[in-house]
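Residue strings, one per chain:
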Amino acid sequence: MSWSRRGTLLTLGALGACGFRPAYAPGGGGEALRGRIAVASPETPTEFFFVGRLEERLGRADAAAYRLAYDLKLETQGFAITPDNDTQRYQIVGRLDYRLLDGATAAVLDSGRVENFTAYSAIGTTVATRASERDAYERLAVILADDLVTRLLATSGGWLT
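Residues numbered from 1 in each chain as written. Predicted model: local features only at pLDDT ≥ 70, side-chain atom pairs only at ≥ 80, totals over all residues. Heavy atoms only, no water.

A short note on the packing of aromatic side chains
Step number 1: By the definition in use, this model includes three aromatic pairs.
Step number 2: Judged by centre distance (5.8 Å) and plane angle (70°), the ring pair of Phe48 and Phe49 falls under edge-to-face.
Step number 3: Among the residues examined, Phe48 registers a relative accessible area of 54% and is labelled exposed.
Step number 4: Judged by centre distance (5.4 Å) and plane angle (20°), the rings of Tyr90 and Tyr120 are stacked. (Phe/Tyr/Trp six-rings, centres within 6.5 Å; stacked < 30°, edge-to-face > 60°. Buried < 20%, exposed > 50% of the residue type's maximum accessible area, 1.4 Å probe, protein only.)

In structure tokens, the structure reads:
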């Protein structure tokens, strides 16, 4: 047995001994959350992509034990400005404040914030710029949803019933 294989086996044994369990393994947090979180309805196109990604990752809740309330704020900032004062690139910064509520009592089980950003180019035709902008908003919504799912999986041991 090589040292790399031996080290891998020892590491896996240590992770098992400390209670580590993969999130998407049978009985893991990913499986336990699937279809149990009802997400507030989207009101904007970006929220539509956000909620769609959450439902893709967590499943649509039929009999929800939990409710997710969120506040999505987006800010567009120009950068890559030419000497002629033309903006050639934009950055969209997203901040998502969330509250996970118990479906029966409305008690707050978890809350927090996830933040991320994406950018798009404003070089080219108006149609190309608008398409780049829409794509950037969609990408940011997906990134924030993935960040939130990761956070919920990491913290689910404290509130998951």
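Some details on the nonpolar core
Step number 1: Formed by 27 residues in total, the largest nonpolar core has its most connected members in Ile37, Phe50, Leu54, Leu68, Leu148 and Leu152.
Step number 2: Elements that contribute at least two residues to this core include exactly strand 1 (37-39), helix 3 (45-58), strand 2 (66-81), strand 3 (87-102), strand 4 (108-121) and helix 4 (126-155).
Step number 3: Ranked by the residues each element gives to this core, the list is headed by helix 4, at 10 residues.
Step number 4: Residue contacts for Phe50: discarding those within four places in its chain leaves Tyr70, Leu96, Ala141, Leu144, Ala145 and Leu148. (Core = buried A, V, L, I, M, F, W, Y, C linked by side-chain atoms within 4.5 Å. Helix = DSSP H or I, 4+ residues; strand = E, 2+ residues; numbered from the N terminus. Contact = heavy atoms within 4.5 Å.)

Describing the sheet that holds strand 4
Consider a sheet: its strands pair through backbone hydrogen bonds, and that pairing is either parallel or antiparallel.
Step number 1: The four strands lie next to each other as 1-2-3-4, forming an open sheet whose pairing is mixed. With partners counted over all chains shown, the strands left at the sheet margins are strand 1 and strand 4, one partner each. Neighbour-to-neighbour, the strand axes of this sheet turn through a mean angle of 25°, independent of strand direction.
Step number 2: Examined bridge by bridge, strand 3 and strand 4 share 13 bridges and lie antiparallel to one another. (Pairing = 2+ DSSP bridges. Axes fitted to C-alpha atoms, helices over the stretch in contact; angles between N-to-C directions.)

Description of the pairing of strand 3
Step number 1: Both strand 2 and strand 3 contribute to a ladder of 15 bridges, which runs antiparallel. Opposite Glu75, over in strand 3, you have Val93 as the bridge partner.
Step number 2: Connecting the antiparallel pair strand 2 and strand 3 is a turn made up of five residues, with Asn85 showing a positive phi of about 70°.
Step number 3: The turn linking strand 3 back onto strand 4 is made up of five residues, and Ala106 within it adopts a positive phi angle of 65°.

Quick notes on the side chain of Arg53
Step number 1: Structurally, the position occupied by Arg53 is in helix 3.
Step number 2: Among the polar contacts listed, one links the side chain of Arg53 to the side chain of Glu56, at a separation of 2.7 Å.
Step number 3: When neighbours within four sequence positions are excluded, Arg53 is seen to be in contact with Val142, Ala145 and Asp146. (Polar contact = N/O pair within 3.5 Å; in protein donor to acceptor, adjacent residues only side chain to side chain.)

A closer look at the packing of helix 3 against helix 4
Step number 1: Where helix 3 meets helix 4, the axes come as close as 8 Å, and the angle between the chain directions of the two elements is 40°. Relative to helix 4, the element helix 3 lies oblique. In this structure, helix 3 meets helix 4 at a crossing whose hand is right-handed. On the side of helix 3, the interface is formed by Thr46, Phe49, Phe50, Arg53, Leu54, Arg57 and Leu58, while helix 4 contributes Tyr137, Glu138, Ala141, Val142, Leu144, Ala145, Asp146, Leu148, Val149 and Leu152.
Step number 2: Taken together, the residues that form the contact of helix 3 with helix 4 break down as 12 nonpolar, one polar and four charged. (Parallel < 35°, antiparallel > 145°, perpendicular 65-115°, else oblique. Left-handed = near helix turned anticlockwise from the far one by under 90°. Nonpolar A, V, L, I, M, F, W, Y, C, P; charged D, E, K, R; others polar.)

Topic: the pattern of salt bridges
Step number 1: Taken as a whole, this structure holds nine salt bridges when the rule is applied.
Step number 2: Linking Arg53 and Glu56 is a salt bridge whose minimum nitrogen-to-oxygen distance equals 2.7 Å. Of this pair, Arg53 and Glu56 are both found in helix 3, three residues apart, which corresponds to roughly one turn of the helix.
Step number 3: Of the charged contacts in the structure, one is a salt bridge between Asp146 and Arg57, with a shortest N-O distance of 2.8 Å. With Asp146 in helix 4 and Arg57 in helix 3, the pair connects residues that are 89 residues apart, well separated along the chain.
Step number 4: According to the relative accessible area criterion, Arg57 is partly exposed, its value standing at 23%. (Salt bridge = Lys/Arg side-chain N within 4 Å of Asp/Glu carboxyl O.)

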